[in-house]
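A look at the structure
Here's the letter readout for the chains.
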Amino acid sequence: MASAVSTKKKKRQALSIETKMDILRDVVERRLKKIEVARKYEIPPSTLSTILLNRKQITKQYETSNTEPSRKRLRGAELEDVEKAVFRWFSDMRAKNLPVSGPLMREKADYLAKKLGHDKFQASSGWLSRFKERHGIQQLRVCGESAGVDENVVDTWKKESLPAIIAQYIPRDIFNADETGLFYRLTPDKSLAFSGQECHGIKQNKERVTVMVCANMDGSEKIKPLVIGKSKQPRSLKHVRTLPLDYRANRKAWMTTEEFVSWVKRLDAKFAAENRQVLVFVDNCSAHPSVNGLKSIQLQFFPPNTTSKLQPMDQGVIMSFKTYYRKRLVKHLLKSYEAGEVPSPVSIKDAIDMTYAAWEEVTASCISNCFQKAGFEVHENANPDTPGPSGRPDNIWERLRQNPDPQNDGNDVAGSAREEADDLWKRLRHHMTISRSISFNDFAAADNEISGVYAPTDEELVREIQKQRGGEFVEEEDDDDLDVDMPPAPPSVTEVLGHLERVKDFLYSREEAQDQHFHALSTLNELAKRCHERSLVQQKITRFFKA
């Protein structure tokens, strides 16, 4: 009898976070009876009740966890703040390719614990073993040391490692993701001030966001960007419920480990729904940990300190995106100046709109050329005619391989787009004092060296953890949009339907109107009509209750 009780107790203790999430899905989403769920997982009703009671906590830990699924237990470290600080420090050291030994980690843990106010904490060998187990760390020592780009490493990667890694994937299933810092309010008269260490000031930090872009090898699929701002609820998004891209926020507006893990899991769910197996290349940095338990994504890290040579997004894609963004920023300024008005501050919503539109303009040709420049070559056994998301063969890579474009070095902002940007720049010079030494290209590339990854010092790390004690995120009071006027209430559905009628009249009057424009208008009309019908139903229900 005692043995049976012991077995049951061990089984309850062995429940992983992943298993708990399966239990929650069975009860909440599939609406199975609790007694059936308890029988399915061989747990007593009391355990099931505890899991349901801790639903929010379990879900949050599952979304932010980056450890092996079998180790995702609800019960974590005794001192969670020390755990976070040590793991963040270890991740930074690993990203820099610096050696870490067991004694060094224990010494660092003792130091950070004292800084966090835990004077009695001692990082024993037992603590170290449990720490490694909780985070799936197989070994501590990392060979090598931080250095510049090693051309031998780059050559070996391109000739030997990379071909073997991508051999089993077709171009449309090979992706690269990278983040970049973006000063979304940057004006041409200040662009030279945003360089080097000057970019780390408080003033500039308020005007910066991080943008994560991701696309596949043949350029046929661009993942919607992730924008990370500082304010969770900026005033310009007061009435907003849907955005064309993902928006997240944290105190520094940087990419963090938690945000990266969450982004990867959302992307994994997307590809799993499409029944695809994809390869995603990312930079080897502290904010990019390994993410276990993925169903459709295989994460592949570039060798340390080689991103400037090996990462496709850094070969011209990000530069192309920023060029299109800054062109829109110039248009924003010109619109006000030429109307005799003072330009209004760019809001987070404006930045999101311009980011989405700029990313849409980056061409498949630009992206595929940047993959080529980074050493990605299609495998001879890969089928370039595999149908893509649109149902059409994604064979642009094959066309480019047979007819390479020698004029495209990665930045596809050329021809009419380049002429338009230069014309806008000349017009803006009449309204602003811009140094003659600054060209539009300089303005577009002003923040190219700004990383989107936060690497704190020990002191900054301690302050950051202190503000997260108890797992609660402390948001700074100031808002990105404090100098932005409160946005007006959105138009009613009836008003929108009237505006769409005017848009239809406009399309009928233009020779340039094409089928896709009428299709887009029809789609918007259907959406507005559905919203109108829903509002009528809600109104009747309200009146019923009032009666």
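Our subject is the structure listed above.
Sequence positions are assigned chain by chain, starting from 1 and proceeding in written order. Where totals are concerned, whole chains, interfaces and linings use all residues; where local detail is concerned, this predicted model gives features only for residues with pLDDT of at least 70, and gives and counts side-chain atom pairs only at 80 or more. By convention in this description, side-chain values take in all heavy atoms of the structure and omit both hydrogens and water.

Some points on the nonpolar core
Proteins that are soluble and globular tend to have nonpolar side chains buried together. Under the convention used in this document: Throughout, nonpolar core names a set of buried Ala, Val, Leu, Ile, Met, Phe, Trp, Tyr and Cys residues whose side chains join them through atoms within 4.5 Å. For every residue, the accessible area obtained with a 1.4 Å probe (protein chains only) is divided by the maximum for its type, and the residue is called buried under 20%, exposed over 50%, and partly exposed between those limits. A run of H or I in DSSP becomes a helix once it reaches four residues, and a run of E becomes a strand once it reaches two; helices and strands are each numbered from the N terminus.
Among the nonpolar cores identified, the biggest contains 62 residues, and Y184, F281, V317, Y325, V330, V362 and F376 are the most heavily contacted of them. When residues of this core are assigned to their parent elements, the largest contribution, 10 residues, is made by helix α13 (residues 317-337). Residues A177, I223, W263 and A287 belong to the second largest nonpolar core, which totals 24 residues.

Focus on the side chain of R185
What counts is decided by this rule: Within 3.5 Å is the distance limit for a polar contact, defined as a pair of N or O atoms, with the added protein rule that one can donate a hydrogen and the other accept it, and that residues adjacent in sequence qualify only through two side-chain atoms.
Along the chain, the position of R185 falls in the loop between β1 (174-183) and α10 (202-205). Note on R185: relative accessible area 13%, which makes it buried. From its side chain, R185 meets the backbone oxygen of V346 in a polar contact 2.6 Å long.

Re the pairing of strand β2 (residues 208-216)
Condition: Here the rule is simple: two strands pair whenever DSSP picks up at least two bridges between them.
Here β2 lies mainly inside the structure; 9 of its 9 residues are buried. Alternating residues of β2 divide into R208, T210, M212, C214 and N216 and V209, V211, V213 and A215, and every residue in both groups is buried. Where β1 lies against β2, 9 bridges are found, and the strand directions are antiparallel. Each residue of the ladder has a partner; that of G181, found in β2, is T210.

Some details on unusual backbone geometry
The phi dihedral of E42 falls on the positive side, at around 55 degrees, and the residue is not glycine. Relative to the helices and strands, E42 resides in the loop between α3 (34-40) and α4 (45-53). Judged by relative accessible area, E42 falls into the exposed class, the value being 52%. Even without being a glycine, N275 presents a positive backbone phi close to 60 degrees. The residue N275 is located in the loop between α11 (257-273) and β5 (278-282) in this model.

A closer look at α11
The periodicity of an α-helix, 3.6 residues per turn, causes residues three or four places apart in sequence to face the same way. The criterion, for reference: Given the number of residues in a helix, its expected span is that number minus one, multiplied by 1.5 Å.
A rise of 1.5 Å per residue sets the reference length of α11, with its 17 residues, at 24 Å; its end C-alpha atoms lie 25 Å apart and thus fit the reference within 8%. Every buried residue of α11 is accounted for by T257, E259, F260, V261, W263, V264, K265, L267, D268 and F271.

By themselves, these are just geometric observations and shouldn't be taken as functional.
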